[in-house]
Amino acid sequence: MAGRPRIRTAAVLTAAIALAVAGCSSSGGKKAEDGPAGGGSGKGVDTPRLKIAMVTHSGEGDTFWDIVQSGAKQAAAKDNVEFLYSANKEGDEQAQLVRTAINKKVDGLIVTLAKPDALKDEIAQAVKAGIPVVTINSGGQFSKQYGALSHIGQDEAVAGEAVGEELNKRGKKKALCVIHEQGNVSLEERCAGAKKTFDGSLQTLNVEGTNMPATQSSVEAKLQSDKDIDAIVTLGAPFAAASVKAKEQAGSKAEIDTFDLNAQVVKSLKAKEIGFAVDQQPYLQGYLAIDELWLYQTNANVLGGGKPVLTGPAVVTGKDVPRLEKYTARGTR
């Protein structure tokens, strides 16, 4: 598939960046990397103190963003950065949070573009004010044209295609793709990518992602009305857990598969409640975004030469559990 070589290149780039950043530290590689995740002191560089804001489209209860923040906080501790986080799933409210960050005269801005039209003017305002912007996670196709330095995340269409191919390998015939936030371009791309490569039929189901009981009820009702569904694809880890419960209540034999990884998903993979997960390494998205802005402000570096830096996708199954359990338990995978 066309996206695979780019993913390998991004992985090599990520490793190189990690080595370069460790070499830049005034206190040496090991100490510079110690921090909240590693249990160290968090002492890092001696460069001037920076203030960097991250504004995402996270809804309440989405543990994915806890992992993103974990990576950002680790890098911030190392890079002598004051890290400011805010989020709102509504585009207009997210835009207001970006304006607030601009008014605080931050030294760098990290933004998600789940609803790109709502953020276009605010990103232009930041760039005009001399604030470098890095986009992460969603809306990567809009990043460059809006004036951001680069985008860090996975190619959502490629990730969706990987899911379709994995469903084919598992012999699935009828899949349901559960969209937990209407209007989120990245979620729509995932389902569209899966539909493109899946040899069977794939339907979408929109649910109220901030209301987990309602989400579970919607999936349960769909499974009860259509017994031919043999695969449920959720687009975030919390919704996989809800779909596992919905499957039990509906008496369905459908396999639950999901995008994103957390401790609960790893437990479910181990228990064979979930077939596979697509990992986009959210910890890296937060970590590398902070590092990119620090490198840009202190050494005029731009990761990937301005091209997207891919952090996924990688298909994770039960065989990967022993390697990942300790990392998901500490909230970094």
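Structural data are supplied above this passage.
Attention here is on the structure that accompanies the text. This is a predicted model, so every value here is computed, not measured. (Residues numbered from 1 in each chain as written. Predicted model: local features only at pLDDT ≥ 70, side-chain atom pairs only at ≥ 80, totals over all residues. Heavy atoms only, no water.)

Points about the overall build of the chain
- For the chain, the count of helices and strands is 13 helices and 12 strands.
- Across the 333 residues that make up the chain, the buried fraction comes to 55%.
- By sequence separation, contacts in the chain at least 24 residues apart represent 72% of the contacts at least 6 residues apart.
- For the chain, the computed accessible surface area is about 14100 Å², with 50% contributed by carbon and sulfur atoms. (Helix = DSSP H or I, 4+ residues; strand = E, 2+ residues; numbered from the N terminus. Buried < 20%, exposed > 50% of the residue type's maximum accessible area, 1.4 Å probe, protein only. Contact = heavy atoms within 4.5 Å. Areas by Shrake-Rupley, 256 points an atom, 1.4 Å probe, with all protein chains shown as cover.)

What to know about the pattern of salt bridges
- Going through the model one piece at a time under the given rule, you end up with 15 salt bridges.
- In this structure, lysine 89 and glutamate 90 form a salt bridge, with 2.8 Å as the shortest nitrogen-oxygen distance.
- A salt bridge links glutamate 156 to arginine 190; the shortest N-O distance between them is 2.8 Å. With glutamate 156 in helix H7 (residues 156-169) and arginine 190 in helix H8 (residues 185-197), this residue pair connects regions lying 34 residues apart in the sequence. (Salt bridge = Lys/Arg side-chain N within 4 Å of Asp/Glu carboxyl O.)

Digging into the sheet that holds strand S6 (residues 174-179)
- Spatial strand order, S7-S6-S8-S9-S10-S12: 6 strands in an open sheet with mixed pairing. Single-partner strands in this sheet number two, and they are strand S7 (201-206) and strand S12 (314-316). For this sheet the average axis-to-axis angle between neighbouring strands, irrespective of direction, equals 25°.
- Sitting on the sheet, helix H9 (residues 212-225) is in contact with S6, S7 and strand S8 (231-234), with an inclination near 145° to S7. (Pairing = 2+ DSSP bridges. Axes fitted to C-alpha atoms, helices over the stretch in contact; angles between N-to-C directions.)

Comments concerning the state of the cysteines
- Enumeration over the complete set of coordinates arrives at 1 disulfide.
- Here cysteine 177 connects covalently by a disulfide to cysteine 191, the sulfurs 2.1 Å from one another. Linking cysteine 177 and cysteine 191, the disulfide has an S-S dihedral of approximately -85° and is accordingly described as left-handed. Taken together, the residues cysteine 177 in strand S6 and cysteine 191 in helix H8 connect sequence positions 14 residues apart. (Disulfide = S-S within 2.5 Å.)

Considerations on the packing of aromatic side chains
- What the rule picks out here adds up to 4 aromatic pairs.
- Ring centres of phenylalanine 64 and tryptophan 65 lie 5.0 Å apart, and the angle between their planes is 75°; on these two criteria the pair is classed as edge-to-face. As far as burial versus exposure is concerned, phenylalanine 64 and tryptophan 65 are alike and both buried.
- Arranged with centres 6.4 Å apart and planes meeting at 40°, the rings of phenylalanine 83 and tyrosine 85 form a pair that is tilted. (Phe/Tyr/Trp six-rings, centres within 6.5 Å; stacked < 30°, edge-to-face > 60°.)

Looking at helix H12 (residues 282-299)
- Here H12 contains 18 residues, and its C-alpha end-to-end distance of 25 Å stays within 8% of the 26 Å for a straight helix at 1.5 Å per residue.
- With 14 of 18 residues buried, H12 lies mostly within the body of the structure.
- Phi for alanine 300, located one or two positions after H12, is positive at around 60°. (Expected span 1.5 Å × (residues − 1).)

Looking at the sheet that holds strand S3 (residues 108-112)
- If you walk across this open sheet you meet the 6 strands as S2-S1-S3-S4-S5-S11, and the pairing is parallel. With one partner strand each, in any of the chains shown, strand S2 (81-87) and strand S11 (309-310) form the two edges of the open sheet.
- Most of the contacts of H12 go to strand S5 (residues 151-153), to which it runs at about 155°, and overall it touches strand S1 (50-56), S2, S3, strand S4 (133-136), S5 and S11.

Looking at the nonpolar core
- Met54, Ile110, Val134, Ile136, Ile152, Leu288 and Ile290 are the most contacted members of the largest nonpolar core, which totals 29 residues.
- Every element with two or more residues in this core is listed here: S1, helix H3 (64-79), S2, S4 and H12.
- The element best represented in this core is H12, accounting for 9 residues.
- Counting 24 residues, the second-largest nonpolar core is a separate cluster that includes Leu176, Val178, Ile256 and Val265. (Core = buried A, V, L, I, M, F, W, Y, C linked by side-chain atoms within 4.5 Å.)

Comments concerning the side chain of histidine 151
- Positionally, histidine 151 belongs in strand S5.
- At 2.8 Å, the side chain of histidine 151 forms a polar contact with the side chain of threonine 135.
- Excluding anything up to four places from it in sequence, histidine 151 contacts Thr135, Ile136, Asn137, Ser138, Gly139, Gly140, Ser143, Lys307, Pro308 and Val309. (Polar contact = N/O pair within 3.5 Å; in protein donor to acceptor, adjacent residues only side chain to side chain.)

Here we look at the side chain of lysine 174
- Within the secondary structure layout, lysine 174 lies in strand S6.
- What makes lysine 174 buried here is its relative accessible area of 18%.
- In this structure, lysine 174 is in contact with Phe198, Ser201, Gln203, Asp226, Asp228, Ile229, Asp230 and Ala231, ignoring residues within four places of it in sequence.

So, the environment of proline 313
- Within the fold, proline 313 resides in the loop between S11 and S12.
- Along the backbone, proline 313 and valine 278 are 35 residues apart, and their C-alpha atoms lie at a distance of 6.0 Å.

Topic: the packing of helix H11 (residues 263-270) against helix H13 (residues 321-329)
- Where H11 contacts H13, the two axes come as close as 9 Å, and the packing angle between them is 155°. It follows that H11 is roughly antiparallel to H13 by the angle criterion. As H11 packs across H13, the resulting crossing turns out to be left-handed. Between H11 and H13, the contacting residues are Ala263, Val266, Leu269 and Lys270 on the first element and Val321, Glu325 and Thr328 on the second. (Parallel < 35°, antiparallel > 145°, perpendicular 65-115°, else oblique. Left-handed = near helix turned anticlockwise from the far one by under 90°.)

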